[in-house]
Every structure is written in structure tokens, then in C-alpha cells.
Amino acid sequence: MRADITPGGTFPDYELTDHTRTRRRLSGLQGIDPVILLLSRGHYCPKDHQQHLQLAAHYSEIAVAYTQVVTIATDNILELNEFRAAVGGQWTFLSDAGRKVQKDLQIQEYTDPHHDPMIPHTLVLGPGLVIHSVYNGYWYWGRPSIEDLRRDLRDVTREIRPDWDLSAPGLSAAWEAGDHSMHYPYQEAREGRGPT
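Criteria and thresholds
Residues numbered from 1 in each chain as written. Predicted model: local features only at pLDDT ≥ 70, side-chain atom pairs only at ≥ 80, totals over all residues. Heavy atoms only, no water. Helix = DSSP H or I, 4+ residues; strand = E, 2+ residues; numbered from the N terminus. Buried < 20%, exposed > 50% of the residue type's maximum accessible area, 1.4 Å probe, protein only. Contact = heavy atoms within 4.5 Å. Areas by Shrake-Rupley, 256 points an atom, 1.4 Å probe, with all protein chains shown as cover. Lys, Arg positive; Asp, Glu negative; His and termini not counted. Charge placed at Lys NZ, Arg CZ, Asp CG, Glu CD. Pairing = 2+ DSSP bridges. Axes fitted to C-alpha atoms, helices over the stretch in contact; angles between N-to-C directions. Right-handed = clockwise from strand over helix to strand, strands pointing away. Salt bridge = Lys/Arg side-chain N within 4 Å of Asp/Glu carboxyl O. 1 Å grid on protein atoms, 1.4 Å probe; cavity = no way out; pocket = protein on both sides within 12 Å on 5 of 7 lines; lining within 4 Å. Points joined across faces, edges and corners; volume = space filled by probe spheres on them. Nonpolar A, V, L, I, M, F, W, Y, C, P; charged D, E, K, R; others polar.

Further remarks concern the overall build of the protein chain. Secondary structure assignment for the protein chain yields eight helices and seven strands. Over its C-alpha atoms, taken along the principal directions, the protein chain stretches across nearly 60 × 35 × 35 Å. By the burial criterion, 46% of the 196 residues in the protein chain qualify as buried. In the protein chain, the share of contacts with a sequence separation of at least 24, taken over all contacts with a separation of at least 6, comes to 61%. Total accessible area computed for the protein chain in this model is approximately 9900 Å², and 53% of it derives from carbon and sulfur atoms. The protein chain carries 19 positive and 26 negative side-chain charges, and their two centres are separated by 3 Å.

What follows is the structure in C-alpha cells.
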């Protein structure tokens, strides 16, 4: 992995084609929410299937917590859709069939020249694609459990949500005065300015 892809850094705002053949930027998919980003070997990998099945089983919990999930795989669009369907993924899958992400992040899995995948990683990103945590999943146990993700996302959410503690001084008074800018989805998001 490139040396700058570490906690506190900013993940590149890649633009790739999604499973519906639509070009998408990571920042547009993220919006003002945290994101679980999976850099995946793709449809052929049973380890990736297992990790995605775990996320799919918890997707309703992830979604209700205003958290996005994005998978980037080296699959073409047909394989990407097969992968998404096979694991029950309800989130966006992006194709890196041209190995743009793999090359830029320097994560080619050189031990598998036949498939030429990227070394699988899972990242938890705060708004602005700020990196909170990076997990190397070359070996399955290097991938985060649902509990690892819960801890990471609790920390990220606490940092980015001014209304994390509704009893914090001034929040109730601001709400009663008609100032909802400190409450999700935040005034800046409604006006299209993004979070501050």
C-alpha cells in the first residue's frame, strides 16, 4: 500500500464505473457519512465472498447508522454484478477492471498473475475521504470483524456528529431557536455546501 494511505491521510477520490454502468466518484457516494470501503479481489475469491456476506447480513444496521459501503473490485461489469448478486450486496460496487486503483495504490497481488487482483484491504473513512483505519486482508483474519467496524465507526461518528450527545450544552437551545445546523443532516448538507 502506498505510504500516504494511513490513518489521518486522505484517500484518493477515484472515479470508476459502477455495477449499473454509471460513472461514480467516491466522494459523491460518501456524501457527509462515514464509509466502509472494500478493495476486493473480486468474484472469484471465497474470502471476499465471506467478508461481503458478513457485511450483507449486517447491512440494515449499517444503513440505519447513516454509513455507506462501497466495494471496488478488479472484476468487469458482468462479473461485478454476479459478485454483488451472489453476496446479496445492496451497496455500490465499482469496477477497476483497468487496474487503475490497484496500480495507483501499489497493491497488485503479485502472487496471483492469473487473476492479477489487488491485495484486499478494508478502510473506514470519515467525511472528505479521511482515513480512520486500514486493514490488510491478504489473510482472512487481517480483515475487520463486524465488531472491529463497529468500534471504528463509533469513533468516526462521535468525531463528525456535533449532535452525538443531545444533552451537550447549547444543542437543545439552538434547536428550540430554530437553528438545526448542528443536527443531522446539518444545515450545510441541506444547502449543498457539505459539512464544516
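So much for the structure itself; the text now carries on.
Judged by pairing direction, the sheet is mixed, and its seven strands sit side by side in the order β2-β1-β5-β4-β3-β6-β7 without closing on themselves. The two strands at the open ends of the sheet, each matched to only one other strand, are β2 (23–25) and β7 (130–136). Shown here is a sheet whose adjacent strand axes are inclined to one another by a mean of 30°, direction ignored. Alignment of strand β4 (residues 68–73) against strand β5 (residues 92–95), held across four bridges, turns out to be parallel. Bridge assignment links Ala73 to a residue of β5, and that residue is Ser95. Relative to the sheet, helix α2 (residues 46–57) contacts β3 (35–40), β4, β5 and β6 (121–126), its axis offset from that of β3 by approximately 160°. Along the sheet, helix α6 (residues 146–160) contacts β3, β6 and β7; its crossing angle with β7, the most-contacted strand, is approximately 170°.

Once that is clear, we can look at the pairing of β5. In β5, alternate side chains face the same way, and those of Thr92 and Leu94 on one face and Phe93 and Ser95 on the other are all buried. After leaving β4, the chain enters helix α4 (residues 77–87) and then returns to the sheet as β5, a path that is right-handed.

Looking at the element boundaries, Leu125 is found in strand β6. Between the C-alpha atoms of Leu125 and Val156, which are 31 residues apart in sequence, the distance is 8.0 Å. Apart from the residues within four sequence positions on either side, Leu125 is in contact with Phe11, Gln30, Pro34, Val35, Leu37, Val130, Ile131 and His132.

When their charged atoms lie close together, side chains carrying opposite charge are able to pair. In the structure shown here, the tally under the stated rule is 13 salt bridges. The residue Asp104 makes a salt bridge to Arg2 at a minimum N-O spacing of 2.8 Å. With a gap of 102 residues between them, Asp104 in helix α5 (residues 100–105) and Arg2 in the segment before β1 (15–18) connect regions that are remote in the sequence. Given a relative accessible area of 18%, Arg2 falls into the buried group. One network of salt bridges, in which partners are shared, links Arg2, Asp4 and Asp104.

This part covers the layout of surface pockets. In this structure, the largest pocket encloses a volume near 280 Å³. If you trace the largest pocket, you find 13 residues lining it, with Glu61, Ala65, Leu149, Arg150 and Leu153 closest to the centre. At six residues, α6 tops the list of elements feeding residues into the lining of the largest pocket. Considered class by class, the residues forming the lining of the largest pocket number seven nonpolar, three polar and three charged.

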